[in-house]
Amino acid sequence: MSEHNPPATWGPPTAVMVAEAQSLLGSLRRSGLTSGVIGRPGNGFGIDQLTDLVLDGQEVTARLPDPAVLLQAARLLGVHPARTAVVHCAPAGVQAACRGGFGLVVGIAYGGAWAAAELRAHGAEPVLRGLAYVTVDEQAMRRRWWQPASTAGAEHAGWLLDYTGVDLATEGIRETLCTIGNGYLATRGAAPEADAGRSHYPGTYAAAIFNRLRTRLHEHVHEDESLVNLPNWLTLRWRRPGERWVRPDARGVSEHRQTLDLRAGVLHRRYRHVDGSGRATTMVSRMLVSMATPHLSALETTLVPENWSGTLQVRSGIDGRVANRQVAEYGPLAGRHLRPDGQGRDGDDGLWLRVSTTQSRVEVATAVRTRLFQAGVRVDAQRRVDMLPGRPQETWTVAVRAGQPLRVEKIAAHHTSQDRAVTEPAAASRDAAARAGSFAELLGEQVRAWRRLWERSHIELHTDHPWPSLELNLHTFHLLVATSPNVTDLDAGVGARGLHGEGYRGHVFWDEVFVHRVLALHLPEASRALLLYRWRRLDAARRAAAAIGCRGAMFPWQSGSDGREETPRELFNTRTGRWMRDRSARQRHVGLAVAYSVWQYHQATGDLDFLRTHGGELILETARFFADLARRNPRTGRYEITGVMGPDEFHDGYPDREAPGLDNNAYTNVMTVWLLRQALAVVDLLACRDGTSLPDRLGIDDGELARWAEITTRMYVPWHDDRIISQFDGYADLAELDLDAYRRRYGNIGRLDLILAAEGDSPNRYRIGKQADVLMLLYLLSAEELRELLAGLGYHWPPEALPRTAGFYLHRASHGSTLSRVVHAWVQARTNRTASFGNFTDALAADIRDTQGGTTREGIHLGAMAGTLDLAERCYLGIETRQDALWFNPRLPHEITRLHTLITYRGHQLHVTATGSALALIASPCNAAPVTVHVARQPPQTIGGGQQVSISLTG
């Protein structure tokens, strides 16, 4: 334990610290554990009798953050740093312990929250409020704190995703969940020592870097565009000369632990390796992808030879020979997207590599700076550089001594030819790597940047029983990794799998509708930037609409670099080993999601400028397409939309009809009415704001607007018994399928479509669903909004029809999508709160437990992650943004006792706290105009900067 004369701002009153120190040291002594104190407070106060070592001021020969004094204490105590805990209350002491490779660094934050943040910024984990909070678990200590209690598993702490042991069968899932990134760049949480293979898959991805490849296979030509796996900057290996490079899954490796710190965006790893001669070495590493400086990433590796002295070799490099080989289904298809385009060395510590994509011609450059340190001093080690084609690497040979840590610091810089203000990517990366600060400096910036993001994004739930808070924080973390404010200067969309893997080839789907609902209330600047991705591809959407004889814009089901339809025509059925046709491009409803997200952004921000310059055009051109898609049935006088697919995805046609598509999907028809209403509202809102109207600019005349208005009153919606909305025309005539029987037979029936195809059958014959379809209406719209829309069409939908409709579909879903339970939890929140909470927790578990059967390895399910956050906020708090007002109607599940979040609404930051009996709103001081708030059925109120409102929910 170190108390090295902390400044007054870091330490408590001497009497407090001494009393707490005496208590802790007494506990350690009674447990038979060795301890030491550096820096004697006052005149000792009996500390000497409670500890094995005291180094006073005269014996301290080096100033912190140099780790020399801590290493000296470890040597005098006869313990190795990697097996020693350091407890310190000053950032310099924490930094010294991290540099010295100590196994556990505990920060003591006597100075409160600010002190805690600084201690974490310098590497402390955990951080406690005082020495009194350090407890001694004798059983754990005798087992040794560094030894895992089990061979493998995830510990569910609120902020630490913690894995112990190595499990080759699940390493791919762990690597996905331990991905770190910043919106511009992300790196999977693979070990730097690992190569891509069946168990491990290092991967680095930059937003919107796509490439197209063709493959001739079985007389078919497959053309696919993919998010590109970029050069692996992580590569770092170590060994004794003449021996094999050490791998975390190699013989002799034990005590492996991997921990993702969600608060700081830092991935920690440690393990112990003992070779055949009994030489033991401990490896401790920390890795980050900078949220503060998005073109930088960093890896710090500390190697501690425990019982031997001699020579170590460390190899660092950049591997540009990577390919896209993660998804087994794509295995037969071409996957090599990069070709080397230059490489070299910079000075005595730098390497660089430039590659280019084979078709899109995007240049990607990575530069690394690798330095070695011992006792805080840079080591002048022997360096050998090998310029292998596409893989520059350097091997360092350095003398080490028992107990003396060797710290290897690797800083990487990444640039592409798509970046702004860059003359050439390689030059930019080389310069950035050379100028970058130390790992400690980057870590401090990282912690502060993540702290600011968490302040804007954290959702805090309290329950009366154990609650999986880790999952909720993990979902927020990965949403930020994929869509942080660093996207504001990028031409990037919302990839369904984030930047975490190669599932769905990195394409953009309708999942963005779940993401924008969260971003609009927390990071509206990110939502705006991601919506611009769609606006820049309006011309491609217009061409797609024209190709099927419609005006307006038809957005593709799968989108990549230029906005063309990327959905493959065939899908590989892993159960049959054969290709089957894929008609999912008929999910025209993706355009409805785009327009809905634009309107949600506008309602949350009041950003009329965006609506005038970009958002209004997106809404009107999408409305134009769906109005053209709707055709009037002369027999009924109602408008119908035919030949489409709904969100369900299982049904792509009728069992007795060869033509693809379904008629009058209720979700598509009703949301078309919603869209046309909003489009007409936009026309009125923007009328002559800049001298010309938006319809004039787009060539939309009064006759076309009149037809839109007519459709909003004459759209057809299918029904069956008891006023239940039918999923599509003919759905009620389909056969029932015993889903329970299929569950007993197959277990996971998420992909029931593939199971039925393998049996020679088709889901088109049955009343089943992969995920919510009709019920999506109740996710995007309140029951009141939906009822009002239907009433405008002349359909009476009484309140008692809602639970009947929900009950009909809830039991017919196979949950083949991670989005399914999100929507079901939402629908049940007003009818069965216990079931809602159960589906909520199931949705939270989707990726961390890989409930889809191996798909998490290929990337997170970003829409579902965002959906769980949306559930906690918009659903359980009853938040709506409509009619230029903020609405609340809290209905917390019985299991939740308190919910707190911070939302951004029209320039205000509002702290929202709800319990079962009250709602409190506190607005941070600002100059924004007061906003209108509706709570439950009470009269509206206004709230301005610095004001607060408390409302009882029990009256």
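Here is what the cut-offs are and how they apply
- Residues numbered from 1 in each chain as written.
- Predicted model: local features only at pLDDT ≥ 70, side-chain atom pairs only at ≥ 80, totals over all residues.
- Heavy atoms only, no water.
- Helix = DSSP H or I, 4+ residues; strand = E, 2+ residues; numbered from the N terminus.
- Buried < 20%, exposed > 50% of the residue type's maximum accessible area, 1.4 Å probe, protein only.
- Contact = heavy atoms within 4.5 Å.
- Areas by Shrake-Rupley, 256 points an atom, 1.4 Å probe, with all protein chains shown as cover.
- Lys, Arg positive; Asp, Glu negative; His and termini not counted.
- Charge placed at Lys NZ, Arg CZ, Asp CG, Glu CD.
- UniProt positions renumbered as here; feature names shortened; annotations may be inferred.
- Expected span 1.5 Å × (residues − 1).
- Arc of directions from axis to C-beta.
- Polar contact = N/O pair within 3.5 Å; in protein donor to acceptor, adjacent residues only side chain to side chain.
- Pairing = 2+ DSSP bridges.
- Axes fitted to C-alpha atoms, helices over the stretch in contact; angles between N-to-C directions.

Student: So what exactly am I meant to see when it comes to the overall build of the protein here?
Tutor: The secondary structure content of the protein amounts to 25 helices and 40 strands. When the backbone C-alpha atoms are referred to their principal axes, the protein occupies close to 100 × 70 × 65 Å. Per-residue burial over the protein gives 61% buried out of 955 residues. Taking the intrachain contacts of the protein between residues at least 6 apart in sequence as the baseline, contacts between residues at least 24 apart amount to 67%. For the protein, the exposed area adds up to about 35400 Å²; of that, 48% sits on carbon and sulfur atoms. Positive and negative side-chain charges of the protein, numbering 107 and 104 respectively, have mean locations separated by a distance of 3 Å.

Student: What exactly am I supposed to notice about the environment of Phe-572 here?
Tutor: For Phe-572, the location among the structural elements is in strand E27 (residues 570-573). Each C-alpha atom of the pair Phe-572 and Asp-582 lies 9.2 Å from the other, and the pair is 10 residues apart in sequence.

Student: Please explain the UniProt feature "domain: Glycoside hydrolase family 65 N-terminal" (unreviewed entry) in the protein as it appears in this structure.
Tutor: What UniProt calls "domain: Glycoside hydrolase family 65 N-terminal" (unreviewed entry) maps, in this numbering, to residues 163-418. The span residues 163-418 is 3% helix and 53% strand, and its two end C-alpha atoms sit 37 Å from each other.

Student: Is there a simple way to explain helix H17 (residues 702-714) in this structure?
Tutor: Since there are 3.6 residues in each turn of an α-helix, residues three or four apart along the chain are aligned in direction. Here H17 contains 13 residues, and its C-alpha end-to-end distance of 18 Å stays within 8% of the 18 Å for a straight helix at 1.5 Å per residue. Every buried residue of H17 is accounted for by Glu-704, Leu-705, Trp-708, Ile-711 and Thr-712. Summarising the axial view, the buried residues of H17 lie within an arc of 115°, below the 170-degree limit, and thus occupy one face. Tucked into the core, H17 has its buried residues touching helix H14 (608-629), strand E30 (639-640), helix H15 (666-685) and helix H21 (783-792). For H17, the capping residue at the N-terminal end is Asp-701, with a side-chain oxygen 3.2 Å from the backbone nitrogen of Gly-703.

Student: Would you mind showing me how to read the sheet that holds strand E35 (residues 896-905) here?
Tutor: Hydrogen bonds between backbone atoms are what pair the strands of a sheet, whose relative direction is either parallel or antiparallel. Taken in spatial order, the 5 strands line up as E26-E35-E36-E37-E40 in an open sheet, and their pairing is antiparallel. Looking at which strands have only one partner, the edges of the open sheet turn out to be strand E26 (459-463) and strand E40 (948-952). Between one strand axis and the next, the sheet turns through 10° on average, direction left out of account. As judged from the 5 bridges shared by E26 and E35, these two strands associate in the antiparallel manner. Each residue of the ladder has a partner; that of Ile-459, found in E35, is Thr-901.

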